[in-house]
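Structural overview
Take a look at the letters that make up each chain.
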Amino acid sequence: MQDFLFEWLSGAGAEAAVFASAFISSTLMPGGSEALLAGALSQTPDDTPRLCRLVLLATAGNTLGAMTTWLIGRLIPEREKTDRALVWLRRWGAPALLLSWLPLAAGWLRMPAASCAVWMAVGKLLRYVVVAAGTLSLV
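This text gives an overview of the structure that appears in the document. (Residues numbered from 1 in each chain as written. Predicted model: local features only at pLDDT ≥ 70, side-chain atom pairs only at ≥ 80, totals over all residues. Heavy atoms only, no water.)

When you line up the elements, Thr44 lands in the loop between α3 (33–43) and α4 (48–75). There is a polar contact of 2.7 Å between the side chain of Thr44 and the side chain of Arg50. (Helix = DSSP H or I, 4+ residues; strand = E, 2+ residues; numbered from the N terminus. Polar contact = N/O pair within 3.5 Å; in protein donor to acceptor, adjacent residues only side chain to side chain.)

In the structure shown here, the tally under the stated rule is zero aromatic pairs. The ring of Tyr128 carries Arg127 above its face, with NZ or CZ at 4.6 Å from the centroid. (Phe/Tyr/Trp six-rings, centres within 6.5 Å; stacked < 30°, edge-to-face > 60°. Lys NZ or Arg CZ within 6 Å of the ring centre and 35° of its normal.)

Turning our eyes to something else, we now look at the pattern of salt bridges. Applying the stated criterion to the full structure yields two salt bridges. Measuring nitrogen to oxygen at the nearest pair gives 2.8 Å for the salt bridge that ties Glu15 to Arg53. Pair noted here: Glu15 is in helix α2 (residues 13–26) and Arg53 is in helix α4, with a separation of 38 residues, a long-range link. Taking the shortest distance from any N to any O, the salt bridge between Arg127 and Glu34 comes out at 2.8 Å. With a gap of 93 residues between them, Arg127 in helix α7 (residues 113–138) and Glu34 in helix α3 connect regions that are remote in the sequence. (Salt bridge = Lys/Arg side-chain N within 4 Å of Asp/Glu carboxyl O.)

In short, geometric facts, not functional conclusions.
Below, the structure written as structure tokens:
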């Protein structure tokens, strides 16, 4: 079983799994995309194009998942917004989305989709680059 898992993580199936895991992890459902990405990266640490592709797929999946969460927030009817996190988000705007836990609130506050997507993508890319660098330093 362990050999099958390592073989699978070094193949093309890992790319789809990394994307799907990153998407699911960024919606309202829990997930472990960082662990899956680290596992896939550790199987072929010398394949730079594959490493870059995996990080970009994780970033794309996580950003699309966050935008799905943003859309869910957008569908919530507006009412008075006084929560501390919402006040903080309103103060800092879209750059606050570097912190990946705010997409639902950003949608609810009707923040612009394009700037939200850009800031979320930057934050997620930075997180996955740190995961990749940490993983590769241990392999």
